[in-house]
Each structure stands twice: as structure tokens, then as C-alpha cells.
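# Descriptive analysis of the structure
One letter stands for each residue in the lines below.
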Amino acid sequence: MEKILAKGSPFIGKQVQLRAVEKTDLDDIMKHWNTFESRIGLGTIIPMSSMMEEDWIRSTHEKAKNQTGFAFIIEHKETKELIGTCGYEEMNWIAKSGVVGIGIHNPENHNKGYGTDAMICLLKFGFNVLNLNRIELWVMEYNERAIHVYEKLGFKKVGKKRQAHFVQGSYYDIIEMDILRNEFEK
Ligand SMILES: CC(C)(COP(=O)(O)OP(=O)(O)OC[C@H]1O[C@@H](n2cnc3c(N)ncnc32)[C@H](O)[C@@H]1OP(=O)(O)O)[C@@H](O)C(=O)NCCC(=O)NCCS
């Protein structure tokens, strides 16, 4: 027991922690969710309504129950402010592989180390709790900050969908990145 406790909770980072998504999170999610600067990083800038987000909140519950996905709220450890959302969007239990996504909602909270912190928690959860062997993500080629964070954590660029994304009048590639368990352990 001491050995396990000594490793610490995978859900608690240096500045942020991950927790389950609650119905009561809707208003806080809506505060910054449609902010152009953040949404452009995620690829979709079409405004999302509170009804759509309510559906998403409900879907996280279903996915967790069926083990087809695991979504989390990223909250500040001290202030409990809702910083963003992240999680496993797809699971492949045969290949022990999962697809992650992350968003720090308020642009004023970018570049404060929260995204790196939350992604480390997600990786620890994936490798040490879900027993995954491979974790994958997709990122727009223009999202240099995200690519920097992912490479810093050990993700490698492994492929791309050419001109698969269209925004602001231009096509962009979508980059595939992944990290294997043994790379994370190093
Ligand atoms: C991408 C995202 C998750 C990163 O999280 P974050 O909290 O902003 O990032 P961090 O503060 O942890 O780290 C930022 C790092 O990127 C670097 N950086 C910032 N802007 C950069 C740029 N334009 N190019 C390269 N590196 C950049 C910083 O210097 C810092 O590097 P360091 O830790 O080596 O000093 C966050 O910005 C975000 O959610 N953006 C909007 C949604 C999004 O793009 N999601 C990802 C979709 S794949």
C-alpha cells in the first residue's frame, strides 16, 4: 500500500488536477469555450451552444460507464477554477491504445504550464491506470505551442492527414503524434 501511495495520484499535477465532469460544470465550461483563440487550436471554430455542451457532459458519463472514453475537468489545485477539459476520446482495448485531447479554455491561462501539467496526468492515467501501450493525438500543423508541449513530453510525429483541415480560407495538414509506454517510462 505504501509503495502505491508513494507514487501519488495520477490525477494530481503540480498546479492542476483532473476530476470527473459534473452537470454543474456547464456554466463554467460555457464561459470561455467559444473563445476563438482557443478553439482555433482545436480546429473547430463553429460556436457551440450550451445544449451541445450539455449533450457532451451526458456523453462523458455514458462513455466512462462503457469504457469507451474518459473525460476530465482540469481544475486549478488551489482556486478550483475550471481551467479546461481533457481526456481519452477513443479507446482500442485490443491494441491497448487511446486517443487523447486537451483544451485550456481561457487564452489568459495559456502558457502557464497548465497544459503540460494536465497532459502528464493524462499520460500517467493512460499508462499506469488504464494499462495502455500507446497514446495518440491529432494536432493542427499550425498549433506550434501544442506540438512543442507534446514533443517535450515524448510524443513523436508519426504521420499526417494532408490538407485535411480547412479554416480561414486555407487547407492545413493534421499531424498524428503518439507515445509508447516504454518511451514514457524513460
Ligand atoms: C495547447 C495547450 C494545451 C498547451 O497548454 P498550455 O498550458 O498553454 O502550455 P504550457 O504552458 O504547458 O507550455 C507551453 C510551452 O509551449 C511554448 N510555446 C508557446 N508558444 C509557442 C509557439 N508559438 N511555438 C512553440 N512553442 C511555444 C512555451 O514556451 C512553453 O514551452 P516550455 O514549457 O518548454 O517553456 C493550450 O495552449 C490549449 O489548450 N490551447 C487551445 C486548445 C488547443 O490548442 N488544444 C490542443 C489541440 S491538439
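Just above sits the structure.
Residues numbered from 1 in each chain as written. Predicted model: local features only at pLDDT ≥ 70, side-chain atom pairs only at ≥ 80, totals over all residues. Heavy atoms only, no water.

## Side note on the overall build of the protein
Selection rule: Secondary structure elements follow DSSP: runs of H or I of four or more residues count as helices, runs of E of two or more count as strands, with numbering from the N terminus. We compute the radius of gyration from the C-alpha atoms alone; for a globule the expected value is 2.2 Å times N to the 0.38, where N is the number of residues. The buried label goes to any residue with under 20% of its type's maximum accessible area, the exposed label to any with over 50%, and the partly exposed label to all in between, with areas taken from a 1.4 Å probe on protein chains only. A contact between two residues is defined here by any heavy atoms of the two lying within 4.5 Å. Note that His is not counted, nor are the chain ends; the positive residues are Lys and Arg, and the negative ones are Asp and Glu. Note on charges: their place is set at NZ of Lys, CZ of Arg, CG of Asp or CD of Glu.
In terms of regular secondary structure, the protein is built from 7 helices and 7 strands. In summary, the protein has a C-alpha radius of gyration of 16 Å against a globular reference of 16 Å for 186 residues, a match within 12%. When each of the 186 residues of the protein is scored for burial, the buried share is 44%. Look at the contacts in the protein between residues 6 or more apart in sequence, and 60% of them connect residues 24 or more apart. The distance from the centre of the 25 positive side-chain charges to the centre of the 26 negative ones in the protein is 5 Å.

## What to know about the site of the ligand
The test is simple: A cutoff of 4 Å decides nearness: a residue is near a molecule or strand if any of its heavy atoms lies inside that distance of it. In the analysis that follows, any N or O atom pair within 3.5 Å is treated as a polar contact, provided that within protein one partner can donate a hydrogen and the other can accept it, and provided that, for residues neighboring in sequence, both atoms belong to side chains.
In the vicinity of the ligand there are 23 residues, among which Ile104, Gly113, Thr116, His148 and Lys152 approach most closely. Note that an oxygen atom of the ligand is positioned 2.9 Å from one of the backbone N or O atoms of Asn111. Contact between the ligand and Lys152: an oxygen atom at 2.6 Å from a side-chain N or O atom of the residue. Counting residues per element, the ones that place at least two in the shell around the ligand are helix H3 (36-42), strand E4 (97-104), helix H5 (114-129), strand E5 (134-140) and helix H6 (144-152). No other element matches H6, which puts 7 residues into the shell around the ligand.

## Examining H5
The criterion, for reference: Helices are assigned an expected span. That span is 1.5 Å times one less than the residue count.
For H5, with 16 residues, the first-to-last C-alpha span of 21 Å sits near the 22 Å given by 1.5 Å per residue. Among the residues of H5, Tyr114, Thr116, Asp117, Ala118, Met119, Cys121, Leu122, Leu123, Phe125, Gly126 and Phe127 are the ones counted as buried.

## Details of helix H4 (residues 50-66)
Under the convention used in this document: An arc is given here, and it is the one of the directions from the helix axis to the C-beta atoms.
The terminal C-alpha atoms of H4 lie 24 Å apart, and with 17 residues this matches the ideal 24 Å at 1.5 Å per residue to within 8%. For H4, every residue scored as buried is listed here: Glu53, Ile57 and Thr60. Down the axis, H4 shows its buried residues gathered within 55° of arc, on one side only. Within H4, the exposed residues directed more than 90 degrees away from the buried face are Met51 and Lys65. Packed against the buried residues of H4 are helix H2 (26-32) and strand E2 (70-76). Looking one or two residues beyond H4, the residue adopting positive phi is Gln67, at roughly 60°.

## Let's talk about the sheet that holds E5
Our working rule: One requirement defines pairing of two strands: DSSP has to find at least two bridges between them. Angles shown run from 0 to 180 degrees and are taken between the N-to-C directions of axes, each axis being a line fitted to C-alpha atoms and, for helices, limited to the stretch in contact.
Read across the open sheet, the 7 strands follow the order E1-E2-E3-E4-E5-E7-E6; overall the sheet is mixed. Only two strands of the sheet have a single partner each, and these edge strands are strand E1 (16-19) and strand E6 (156-167). Between one strand axis and the next, the sheet turns through 25° on average, direction left out of account.

## Re the layout of surface pockets
Sizing a probe to match a water molecule and rolling it over the atoms shows the empty space that remains. This is how it is decided: With a 1 Å grid spanning the protein atoms alone, the term cavity applies to any set of points in which a 1.4 Å probe fits but cannot get out, the term pocket to an open set with protein on both sides within 12 Å along at least five of seven lines, and the term lining residue to any residue with an atom within 4 Å of a point. Grid points are joined across faces, edges and corners, and a volume is the space filled by probe spheres set on the points. Amino acids are sorted into nonpolar (Ala, Val, Leu, Ile, Met, Phe, Trp, Tyr, Cys and Pro), charged (Asp, Glu, Lys and Arg) and polar (every other residue, Gly among them).
By volume, the second largest pocket amounts to about 200 Å³. If you go around the second largest pocket, the residues you meet are Ala20, Val21, Glu22, Lys23, Ile57, Thr60, His61, Ala64, Phe70, Ala71, Phe72 and Phe125. Contributing elements (two or more residues each) for the lining of the second largest pocket: H4 and E2. Considering only residue class, the lining of the second largest pocket consists of 8 nonpolar, 2 polar and 2 charged.

## Regarding the environment of Met119
Relative to the assigned elements, Met119 resides in helix H5. Residue Met119 is classed as buried on the basis of its relative accessible area, which comes to 1%. When the C-alpha atoms of Met119 and Ile102 are compared, they prove to be 7.6 Å apart, with 17 residues separating the residues in sequence. Leaving out residues up to four positions away in the same chain, Met119 has contacts with Val100, Ile102, Leu137, Tyr150, Leu153 and Phe155.

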